[in-house]
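Coordinates in review
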Amino acid sequence: MQVFEAEFAKDRQKFSAAHFTIFEDGSVERLHGHNYRVKVTFTAALGELGLMFPFHQAKALIKALCDAWDERVIVPTACPWLDVDQSQKGQVGLHLKTPRVEKVYSFPLEDTLLLPINNVSCENLVAVFAEALARRCEEDELNYQSMTVAIGESDGQDIRMTLQKPAATK
Ligand SMILES: Nc1nc2c(c(=O)[nH]1)N=C([C@H](O)[C@H](O)COP(=O)(O)OP(=O)(O)OP(=O)(O)O)CN2
């Protein structure tokens, strides 16, 4: 069976976000930001009329997720060295305490993206982005066999991960 690949790497597939990366020795970067760039490659066989799926359908799903992650401070809520306090309405308080660093941050809740990851690394971001996009593709009944998502913090450096589409449950 012929399997086709469609890569989407449009300039509009980006999100601007702030984060800090934590390292295993307990050192932590200062808060900083990137214009993250997102590339998605789908594989699929051809359906009727020689189409994998309508390209606009895939591009709309990717762009909507990029928009949801845009202009945010990304918070790793599963980080063992980070206490995330949402007791103050509309605010997120972070108390970071590693073997080497102790810092306190406070952000408006609407400016944050709380992700169930232990560190805001490209590796973790690409995994969460791919799973979230797979859920949106499922809801939108986009037909594909696998997706490879690549996220880059700067030109010339991408981290990518491939997800196989789960077998149909119905
Ligand atoms: N394994 C990982 N290591 C690092 C990550 C990451 O996501 N995974 N991220 C960072 C920082 O966010 C940093 O901003 C980017 O790191 P790096 O590429 O080392 O730094 P530059 O953008 O300055 O890259 P240049 O090669 O100087 O252009 C650090 N490590």
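Going by what an unreviewed UniProt entry lists, the protein chain is known as 6-carboxy-5,6,7,8-tetrahydropterin synthase and is assigned to Acanthopleuribacter pedis. UniProt lists a comment for the protein chain under the heading Pathway (unreviewed entry), and it reads "Purine metabolism; 7-cyano-7-deazaguanine biosynthesis." If you open the UniProt record of the protein chain and go to Cofactor (unreviewed entry), you find "Zn(2+)".

This part takes up the pattern of salt bridges. What the rule picks out here adds up to seven salt bridges. Put simply, Arg-100 and Asp-25 hold a salt bridge, and the shortest N to O gap is 2.7 Å. One end of the pair, Arg-100, is in the loop between strand S6 (91–97) and strand S7 (102–108); the other, Asp-25, is in the loop between strand S2 (14–19) and strand S3 (32–44), and 75 residues separate them in sequence. One salt bridge connects Arg-160 with Asp-158, and the closest N-O pair in it is separated by 3.8 Å.

Moving on, we come to the side chain of Ser-146. With respect to the secondary-structure elements, Ser-146 resides in strand S9 (residues 146–154). We classify Ser-146 as buried; its relative accessible area is 7%. For Ser-146, the contacting residues outside a window of four places in its chain are Thr-41, Phe-42, Thr-43, Thr-162, Leu-163, Gln-164 and Lys-165.

With eight bridges connecting them, S9 and strand S10 (residues 157–164) associate as antiparallel partners. Within S10, the residue paired with Met-147 across the bridge is Leu-163. Hairpin connection between S9 and S10: a loop of two residues separates the two successive antiparallel strands, and Gly-156 in this loop has a positive phi of roughly 80 degrees.

What counts as what
- Residues numbered from 1 in each chain as written.
- Predicted model: local features only at pLDDT ≥ 70, side-chain atom pairs only at ≥ 80, totals over all residues.
- Heavy atoms only, no water.
- UniProt positions renumbered as here; feature names shortened; annotations may be inferred.
- Salt bridge = Lys/Arg side-chain N within 4 Å of Asp/Glu carboxyl O.
- Helix = DSSP H or I, 4+ residues; strand = E, 2+ residues; numbered from the N terminus.
- Buried < 20%, exposed > 50% of the residue type's maximum accessible area, 1.4 Å probe, protein only.
- Contact = heavy atoms within 4.5 Å.
- Pairing = 2+ DSSP bridges.

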